[in-house]
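Structural description and commentary
Residues per chain are reported as follows:
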Amino acid sequence: PLLPMPNGGKDKFDELKFAQAFMRKAPAILSKGEEWFAYDGKCWRPRIKDTFKKMSMDVLPTTHRLARHGKAIMDHVEMTRQMTEDMEFRSAVAWDGNSVLVNVANGVLRVSADSVSIEPHSKDLMFTGCLGAQWEESASAPLFAQVLSETLHDHRDIALFQWFSGYCLFPDCKQHEVFLICYGPGGTGKSTLADA
């Protein structure tokens, strides 16, 4: 036999209402097929969809706390938060016109031929990675500069090493396909420089 609805059916399950409540409580979510991504304030991270099951049940009043209602909320979110064809994830570095964007711990570094600036993180930039380093405009590395000049005595070698280090943050290697081979006897600082 069918059980009567609570309040004579006046208190019907409203999927849209509860899905919206879920999205207010959850971090920003995007889905790509059945894969879920959540924005953590710095970048989009893959998330296991099932980790949100409890949250979908928590937004429901006790009269509607049924597994099928929780699943309906999850399905609704998955369908409405699907990435569109024009959306594309980026790693921690990306092109933006003539600038390179580097997603760092304290913001998004914008580097162009004539300027460097820091901007706030933004979920709209679609980064899926964030470097652990922070940008500090006034920072210096005197110890590294000293070790670099003690290890590499030719100013051209120093310039090449610095150029290659910057190239590691280049978003696209298609143009240059550069790699660096450091060789020489042991104990000459190759690993020290590479680790730094």
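Residues numbered from 1 in each chain as written. Predicted model: local features only at pLDDT ≥ 70, side-chain atom pairs only at ≥ 80, totals over all residues. Heavy atoms only, no water.

Moving on to a nonpolar patch on the surface. A surface patch of nonpolar side chains, about 470 Å² in accessible area, is lined by Phe179, Ile181 and Tyr183. Tracing the backbone through its elements, the reader meets Tyr183 in the loop between helix 5 (155-167) and helix 6 (190-195). (Patch = residues over 30% accessible without salt bridge, like charges linked within 9 Å, V, L, I, M, F, W, Y side chains within 5 Å. Areas by Shrake-Rupley, 256 points an atom, 1.4 Å probe, with all protein chains shown as cover. Salt bridge = Lys/Arg side-chain N within 4 Å of Asp/Glu carboxyl O. Helix = DSSP H or I, 4+ residues; strand = E, 2+ residues; numbered from the N terminus.)

A few words on the pattern of salt bridges. Summed over all chains, the structure comprises nine salt bridges. Close ionic contact of Lys25 with Asp58 constitutes a salt bridge, the shortest N to O distance being 4.0 Å. Of the two residues, Lys25 is situated in helix 1 (residues 15-25) and Asp58 in helix 2 (residues 53-58); the sequence distance between them amounts to 33 residues. On the basis of relative accessibility, which here comes to 48%, the residue Lys25 falls in the partly exposed class. Using a relative accessible area of 35% as the deciding quantity, one classes Asp58 as partly exposed. For the salt bridge of Glu119 with Arg110, the shortest nitrogen-to-oxygen distance reads 2.6 Å. With a relative accessible area of 26%, Glu119 lands in the partly exposed category. (Buried < 20%, exposed > 50% of the residue type's maximum accessible area, 1.4 Å probe, protein only.)

This part is about the nonpolar core. Residues Phe22, Ile29, Trp36, Phe52, Ile73 and Val77 are the most contacted members of the largest nonpolar core, which totals 14 residues. Mapped by element, the contributors of at least two residues to this core are helix 1, strand 2 (35-39) and helix 3 (67-80). Considering each element in turn, this core owes the most residues, four residues, to helix 1. Look past the residues within four positions of Trp36 in its chain and what remains in contact with it is Phe22, Ile29, Leu30, Ser31, Arg45, Pro46, Arg47, Lys49, Phe52, Met74, Val77 and Glu78. Ranked by size, the runner-up nonpolar core spans seven residues in total, among them Leu30, Tyr39, Phe89 and Met126. (Core = buried A, V, L, I, M, F, W, Y, C linked by side-chain atoms within 4.5 Å. Contact = heavy atoms within 4.5 Å.)

All right, on to the packing of aromatic side chains then. The full count for this structure, using the stated rule, is nine aromatic pairs. Ring centres of Phe13 and Phe18 lie 5.6 Å apart, and the angle between their planes is 15°; on these two criteria the pair is classed as stacked. In this structure Phe13 comes out as partly exposed when scored by relative accessible area, which is 21%. Classification of Phe18 as buried rests on a relative accessible area of 6%. On the numbers, 5.2 Å between centres and 85° between planes, the contact of Trp95 with Phe170 is edge-to-face. You can see Trp95 sitting in strand 4 (residues 93-96) and its partner Phe170 sitting in the loop between helix 5 and helix 6, a full 75 residues away along the chain. Ring-pair connections join several aromatic residues into one group, and the members of that group are Trp95, Trp163, Phe164, Tyr167 and Phe170. (Phe/Tyr/Trp six-rings, centres within 6.5 Å; stacked < 30°, edge-to-face > 60°.)

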